[in-house]
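Analysis of the macromolecular model
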Amino acid sequence: MLLAGGQGSRLYVLTENMAKPAVPFGGKFRIIDFPLSNCTNAGIDTVGVLTQYRPLELNRYIGNGQPWDLDRSDGGVHILPPYQSATGASWYKGTANAIYQNIGFVDMYEPDYVVILSGDHIYKMDYAAMLAHHKREGAACTISVMEVPWDEASRFGIMNVDGNDRITDFEEKPKQPKSNLASMGIYVFTWQTLRSYLIADEADPSSDNDFGKNIIPALLRAGEKLTAYRFSGYWKDVGTLDSLWDANMDMLATGSGLDLLEKDWPIYGRSTAEVPAYLGEASHVEHSVVTRGCDVEGTAENSVLSENCRVAEGAQVEYSILMPGAAVEEGARISYAIIGENVHVGRGAVIGAAPDGTDAWGITVVGPETKVPEGYRLAANHMLNRNRKEVAR
């Protein structure tokens, strides 16, 4: 069960008209490709995708699930939006309520176990190995955790464990953490146990209907066995503009742990580009990803150019992300920026700037479908949307 209904408000202009999991990543992917590909690679062939906020683009992208081998008559991928029942209609009130509203869907497949995933993380994980751990431990719930720097632990939900990695306590963003094992928001549950706790949680009018705030603490209070599954690979929550930019840059960095060309654990996605990339005679491309359908006549350094982007002669793109369909005209300069889908940057425009050592500096963002006028200047740490409304981040 893949929770993909988040608004992604911290991505600001990038998610004004689409759900966070539909945001492009890495040149030819979208964020949702990672958990879907993990499911396929781990042998999970029945996936429910729970959508809510502006789902049109996400629904279109997932389609029948063919890119992830999830176009099946029995199982496959299912889009699960909120719906109206005999007792009325309700948006998903929280992560636990979203699963509660789809108990009937899960019951239809009569599973022994259910995996709960988030749709906004960049990582590769073998859920089958996590499930095997869950079975060995005879746990009611297994939570994937990873060690984070102690000075950052107060930003996460922290799991305290005993010597056998059995979870003894859960603290949501503690001021003085006792552990640096952070929850990754990835759970394996024994289904019948979770089912009963979801029903009880829904009956509590004071509940936030959330896994971290309500379900996990309730399991601990009842003495259920919860175990931690330690993960040591690459994982990043790309819920902010800075983390999204960082993750794209990690893809370019040697030794970051984010290898999207790994044949043993491929990431699948739905490609629309049908022609190879073209690099013009005057072009200069260095340490960058240039995806199919791109036409590069200018300069691209330390950047990610998604499908069907165009960089005209004399234009410069550095340390930036161009999302699908973006066009940069002659003489324009893009620095330390995220340029949304189908953005048109006019001749001589200057978007963003290199770090200057001050706290005022930050990544510059242009929202999808925006037309940036000729000669326009958008300062570092600013955003511009399709209505040409400019705001400081």
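Right, let's walk through the structure included here.

**Some remarks on the side chain of Ser144**
Position of Ser144 relative to the elements: it lies in strand β10 (residues 141-147). Assessed through its relative accessible area of 0%, Ser144 is described here as buried. With sequence-adjacent residues up to four places away left out, Ser144 is seen in contact with Met125, Met130, Ala182, Ser183, Met184, Ile186, Tyr229 and Phe231.

**Topic: the sheet that holds strand β16 (residues 278-279)**
Overall, parallel pairing links the six strands, which are arranged β16-β19-β22-β25-β28-β31 in an open sheet. Looking along the sheet, the strands with just one partner apiece sit at the ends: β16 and β31 (371-372). Where strand β28 (residues 344-345) and β31 come together, two bridges link them in parallel fashion. Paired with Val345 across the bridge in β31 is Val372.

**Thoughts on the environment of Gly314**
Position of Gly314 relative to the elements: it lies in the loop between β22 (310-311) and β23 (316-318). Considered as a pair, Gly314 and Thr299 are 15 residues apart in the sequence and their alpha carbons are 7.3 Å apart. Filtering out sequence-adjacent residues up to four positions away, Gly314 remains in contact with Gly298, Gly331 and Ala332.

**What about the side chain of Asn160?**
Among the structural elements, Asn160 can be located in strand β11 (residues 157-161). A polar side-chain atom of Asn160 sits 3.2 Å from a polar atom in the side chain of Glu171. In contact with Asn160, not counting residues within four places along its chain, are Arg166, Ile167, Thr168, Asp169, Glu171, Lys178 and Ser179.

**Brief notes about helix α5 (residues 127-137)**
For α5, every residue scored as buried is listed here: Tyr127, Met130, His133 and His134. One side of α5 holds all its buried residues, which, seen down the axis, span an arc of 115 degrees. Among the structural elements, α1 (33-42), β8 (113-118), β9 (121-123), β10, β13 (181-190) and β14 (226-230) are those in contact with the buried residues of α5. By the N-cap criterion, in which a side-chain oxygen at the helix start approaches the backbone nitrogen of a residue two or three places on, α5 is capped by Asp126, the distance to Ala128 being 2.9 Å. Of the residues one or two after α5, Gly138 is the one with positive phi, at around 60 degrees.

Reading the values: rules and limits
Residues numbered from 1 in each chain as written. Predicted model: local features only at pLDDT ≥ 70, side-chain atom pairs only at ≥ 80, totals over all residues. Heavy atoms only, no water. Helix = DSSP H or I, 4+ residues; strand = E, 2+ residues; numbered from the N terminus. Buried < 20%, exposed > 50% of the residue type's maximum accessible area, 1.4 Å probe, protein only. Contact = heavy atoms within 4.5 Å. Pairing = 2+ DSSP bridges. Polar contact = N/O pair within 3.5 Å; in protein donor to acceptor, adjacent residues only side chain to side chain. Arc of directions from axis to C-beta.

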